[in-house]
Amino acid sequence: MADATGLRKINTELVRKALRQGGVMSKNDLARETGLSFPTVSRTVDALVQLGELREAGAAASTGGRCAQRYERDPRFRVMLCARLEGRRLFYEVRDLDGAVLEQGEQARSASLLQMLDSMAGRVREQYPNLGGAVLGVDCSIRSGVACETIGYQELLGVDLADRLRQAAGVPAAAVRDMHLASAGYCVRQDGWDGVAVCIYLGPSGMGASIVTGGKAFEGASAFAGELHYLPIKNNLEYAQTHFAGADMVAYYMQVIRAYAALVNPARVILYDNPLLAGKVERIRRACAQTLPAHAVPEIVVSHGFREDYDAGLFRLASELTEEKLHELLYL
């Protein structure tokens with residue numbers, strides 16, 4: 001049974017969700033939409049108005065009685081920082097609560113990646129005193145915010161990037177591997193799809209994957225899940241360094257998909273497009289069909305939306321951190 005604080009948190013999120021979806025609503029509208037009692041809705045709305053997260057949006061049209069006041073979220077009450085590190089380039093966006101991009105850019109290069117991160121986060125902190133949360137995506141293994149198994153990021157090895165970002169930005173922060181963010185974002189962009197899927201991406205630092213189930217990415221016991229270059233495939237570790245020079249990409253993708261089919265039996269495998277995949281997808285599908293039982297062959301989907309999925313995953317996690325902080329301001 002949830003305690004009083006937990007119940008208030010649940011009620012508050014129900015009201016927030018209804019307003020995100022419905023836009024402008026009265027307390028009666030919110031009670032009907034959420035299933036909460038009118039007194040509970042009224043207390044929640046009043047608390048959010050006092051905090052500044054909600055604002056009055058005028059009275060509803062009269063139906064013969066007293067006009068009910070309507071409310072809406074102020075999307076700029078809090079903003080969030082969504083950043084991604086790719087190679088030696090650090091990209092960032094500042095988004096409001098609705099996801100609108102208020103600022104975007106690339107941090108100027110410096111001798112140190114950590115200096116780049118500190119400089120970017122510090123400037124955003126200074127420019128946006130209403131910053132609520134920050135997330136960094138990185139194309140390497142991240143365990144509990146700490147960079148590990150890095151390729152091309154030797155200076156980051158063993159660094160707690162989540163804590164570094166938290167200190168520089170002054171808000172709750174997280175650092176997560178890019179593939180886990182992209183797979184979660186895929187589900188968001190597929191209207192909350194909650195089946196079992198595997199997302200596979202080939203980028204400058206090699207090939208990686210992420211299992212997602214129920215909208216949540218599975219990182220494993222030590223965040224090693226999805227490190228495909230450690231699969232027992234000939235020359236696999238070399239491929240990470242040579243960008244698959246001389247590799248049979250049809251056979252490689254087939255072996256990876258077959259391994260996932262045997263271990264987690266996904267309903268879908270999403271292959272993010274890349275030049276080495278061009279013209280080979282149908283052959284990969286046939287190879288999987290020939291080497292797996294029919295009931296175990298996943299739907300193989302080619303996606304051109306890696307960046308969009310990645311951004312959606314960044315925003316979702318940043319929103320969760322921000323709203324957790326808002327809940328603390330309300331009730332803790």
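It should be noted that the structure appears before, not after, this text.
Notes on the structure follow. Keep in mind it's a predicted model, so treat the numbers as computed, not measured.

End to end, helix α6 (residues 178-189) covers 16 Å across 12 residues, agreeing with the expected 16 Å (1.5 Å per residue, within 8%). Where burial is concerned, most of α6 is hidden: 10 out of the 12 residues are buried. Aspartate 191, located one to two residues past α6, shows a positive phi value of around 55°.

Turning our eyes to something else, we now look at the packing of aromatic side chains. Applying the stated criterion across every chain yields a total of 9 aromatic pairs. With centroids separated by 3.7 Å and ring planes inclined at 0°, the aromatic side chains of tyrosine 201 and phenylalanine 306 adopt a geometry described as stacked. Of this pair, tyrosine 201 sits in strand β11 (residues 196-203) while phenylalanine 306 sits in helix α10 (residues 306-331); the two residues are 105 residues apart in sequence, bridging distant segments of the chain. A single burial state applies to tyrosine 201 and to phenylalanine 306, both of which are buried. Residue phenylalanine 306 is classed as buried on the basis of its relative accessible area, which comes to 7%. The residue whose ring lies beneath arginine 268 is tryptophan 193, and the NZ or CZ to ring-centre distance is 4.2 Å.

The contact between helix α1 (residues 4-22) and helix α2 (residues 27-34) brings their axes to 10 Å, and the two run at 105°. Here α2 runs roughly perpendicular to α1, going by the angle between their axes. Residue-level contacts link Leu14, Val15, Ala18 and Leu19 of α1 to Leu30, Glu33 and Thr34 of α2. Here the residues of the contact of α1 with α2 are counted per class, giving 5 nonpolar, 1 polar and 1 charged.

Glancing now at the nonpolar core. In terms of nonpolar packing, the biggest core is built from 33 residues, with Leu81, Leu136 and Leu161 touching the most fellow members. Broken down by secondary-structure element, the contributors of at least two residues to this core are β4 (79-86), β5 (89-96), α4 (113-127), β7 (131-138), α5 (161-169) and β10 (173-177). Here this core takes 7 residues from α4, the largest share from any one element. Beyond its immediate sequence surroundings of up to four residues, leucine 81 is in contact with Tyr92, Glu93, Met120, Ala121, Val124, Leu131, Gly133, Ala134, Val135, Leu165 and Ala318. Listed in part, the 29 residues of the second largest apolar core include Ile200, Tyr253, Tyr260 and Cys288.

Attention shifts here to the environment of tyrosine 186. Within the secondary structure layout, tyrosine 186 lies in helix α6. Given the relative accessible area of 5%, tyrosine 186 is considered buried. Residues tyrosine 186 and isoleucine 284, 98 residues apart in the sequence, show an inter-C-alpha distance of 22 Å. Apart from residues no more than four positions distant in its own chain, tyrosine 186 is found in contact with Trp193, Cys199, Arg268, Ile270, Tyr272 and Asp309. A polar atom in the side chain of tyrosine 186 sits 2.7 Å from the side chain of arginine 268.

Conventions used here
- Residues numbered from 1 in each chain as written.
- Predicted model: local features only at pLDDT ≥ 70, side-chain atom pairs only at ≥ 80, totals over all residues.
- Heavy atoms only, no water.
- Helix = DSSP H or I, 4+ residues; strand = E, 2+ residues; numbered from the N terminus.
- Expected span 1.5 Å × (residues − 1).
- Buried < 20%, exposed > 50% of the residue type's maximum accessible area, 1.4 Å probe, protein only.
- Phe/Tyr/Trp six-rings, centres within 6.5 Å; stacked < 30°, edge-to-face > 60°.
- Lys NZ or Arg CZ within 6 Å of the ring centre and 35° of its normal.
- Axes fitted to C-alpha atoms, helices over the stretch in contact; angles between N-to-C directions.
- Parallel < 35°, antiparallel > 145°, perpendicular 65-115°, else oblique.
- Contact = heavy atoms within 4.5 Å.
- Nonpolar A, V, L, I, M, F, W, Y, C, P; charged D, E, K, R; others polar.
- Core = buried A, V, L, I, M, F, W, Y, C linked by side-chain atoms within 4.5 Å.
- Polar contact = N/O pair within 3.5 Å; in protein donor to acceptor, adjacent residues only side chain to side chain.

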